[in-house]
Amino acid sequence: MDSKAVFTQESHKEAFMGLCINVLPLIGEIIDSAKKSGVDGMVGLTVDTNGYISFDVHNSRWGMKRLDSDSPAKIEYRFSEVVDVPEVMAGDKAVFGHLTENIMEITLVYADLQISNPELCKIESSTWKQLFVDWANEFESQWQEDAGRDYLEEIDRFSREKILGYSEGMA
């Protein structure tokens, strides 16, 4: 399908203004309709001049689609699931991902705790390294991202508990 470019020049200002004047009241009606239906936030609308429509309420699983003017509009309830892509090694090189990020954050907490807890230095670094890997895997297996939880706060708390708990058990 060939698409014809319109409104590509500054001289098209008046024609574009005319289109905006025509569609703005329609957009206002969509906003009013969404509010009357209880929507308190964003809706998305994509249309094509051949009749394609995609309409959805953000943070909702509901949407409406139509392929073209000759097709019926259909509502849909979307299923979603987090895609958990395991970290892979690129040859013999580590690749940045969730687990490597966890290890880095745990290491930063450990470095911070060393200042006020010099007894941490008495434990062999090879022991810490293995523990950091184990804890990174443990944290990753329990971590569920949601709007009410902050990753950095959660891994900081988790790391402090693990590091101090381990060092106290070694005393």
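**Q** Run through a nonpolar patch on the surface, naming residues and quoting values.
**A** Together, V6, F7, F16, L19, V23, L24, L26, I27 and I31 give the surface a local cluster of nonpolar side chains, amounting to about 780 Å² of exposed area. Topologically, L24 is positioned in helix 1 (residues 13-36).

**Q** Break down the packing of aromatic side chains for me, citing the residues and quoting the values.
**A** Any aromatic ring pair is given by two values, namely how distant the centres are and how the planes are angled relative to each other. For the structure shown, the criterion picks out 13 aromatic pairs. Ring centres of F139 and W143 lie 5.6 Å apart, and the angle between their planes is 20 degrees; on these two criteria the pair is classed as stacked. The exposure class assigned to F139 is buried, which follows from its relative accessible area of 0%. In this structure W143 comes out as buried when scored by relative accessible area, which is 11%. In this structure an aromatic cluster arises from ring pairing among Y110, W128, F132, W135 and Y166.

**Q** Account for helix 3 (residues 125-142), with residues named and values stated.
**A** Between its first and last C-alpha atoms helix 3 spans 26 Å; for 18 residues at 1.5 Å apiece the expected length is 26 Å, and the two agree. Those residues of helix 3 that fall on the buried side of the exposure criterion are W128, L131, F132, W135, A136 and F139. On an axial view of helix 3, the arc spanned by its buried residues comes to 145 degrees, and they lie on one face. Away from the buried face of helix 3 by more than 90 degrees, exposed residues K129 and S141 are located. Residues of helix 3 that are buried in the fold lie against helix 2 (98-116) and helix 4 (151-170).

**Q** Describe the packing of helix 2 against helix 3, listing the residues and the values that go with them.
**A** Contact geometry of helix 2 with helix 3 gives a least axis separation of 9 Å together with a crossing angle of 125 degrees. The angle between helix 2 and helix 3 falls in the class oblique. Of the two elements, helix 2 crosses helix 3, and the hand of that crossing is right-handed. Contacts between helix 2 and helix 3 involve H98, L99, N102, I103, I106, T107 and Y110 on the former and, on the latter, W128, F132, V133, W135, A136, N137, F139 and E140. In terms of residue class, the contact of helix 2 with helix 3 is built from 10 nonpolar, 4 polar and 1 charged.

**Q** Any chance you could break down the pattern of salt bridges for me, citing the residues and the numbers?
**A** Applying the stated rule across the entire model yields 8 salt bridges. When the shortest N-O distance is used, the salt bridge between R149 and E154 registers 3.5 Å. Among the ionic pairs, E154 bridges to R157, the shortest N-O distance being 3.2 Å. Placement of the pair is E154 and R157 together in helix 4, with a separation of 3 residues, close to one helical turn. One connected set of salt bridges, linked through shared partners, spans R149, E154, R157 and E161.

**Q** Any chance you could break down the pairing of strand 1 (residues 43-47) for me, citing the residues and the numbers?
**A** The pairing of strand 1 with strand 2 (residues 53-57) spans 5 bridges and is classified as antiparallel. Opposite G44, over in strand 2, you have D56 as the bridge partner. Where strand 1 folds back onto strand 2 in an antiparallel hairpin, the turn is made up of 5 residues, including G51, whose phi is positive at roughly 105 degrees.

Definitions and cut-offs
Residues numbered from 1 in each chain as written. Predicted model: local features only at pLDDT ≥ 70, side-chain atom pairs only at ≥ 80, totals over all residues. Heavy atoms only, no water. Patch = residues over 30% accessible without salt bridge, like charges linked within 9 Å, V, L, I, M, F, W, Y side chains within 5 Å. Areas by Shrake-Rupley, 256 points an atom, 1.4 Å probe, with all protein chains shown as cover. Salt bridge = Lys/Arg side-chain N within 4 Å of Asp/Glu carboxyl O. Helix = DSSP H or I, 4+ residues; strand = E, 2+ residues; numbered from the N terminus. Phe/Tyr/Trp six-rings, centres within 6.5 Å; stacked < 30°, edge-to-face > 60°. Buried < 20%, exposed > 50% of the residue type's maximum accessible area, 1.4 Å probe, protein only. Expected span 1.5 Å × (residues − 1). Arc of directions from axis to C-beta. Contact = heavy atoms within 4.5 Å. Axes fitted to C-alpha atoms, helices over the stretch in contact; angles between N-to-C directions. Parallel < 35°, antiparallel > 145°, perpendicular 65-115°, else oblique. Left-handed = near helix turned anticlockwise from the far one by under 90°. Nonpolar A, V, L, I, M, F, W, Y, C, P; charged D, E, K, R; others polar. Pairing = 2+ DSSP bridges.

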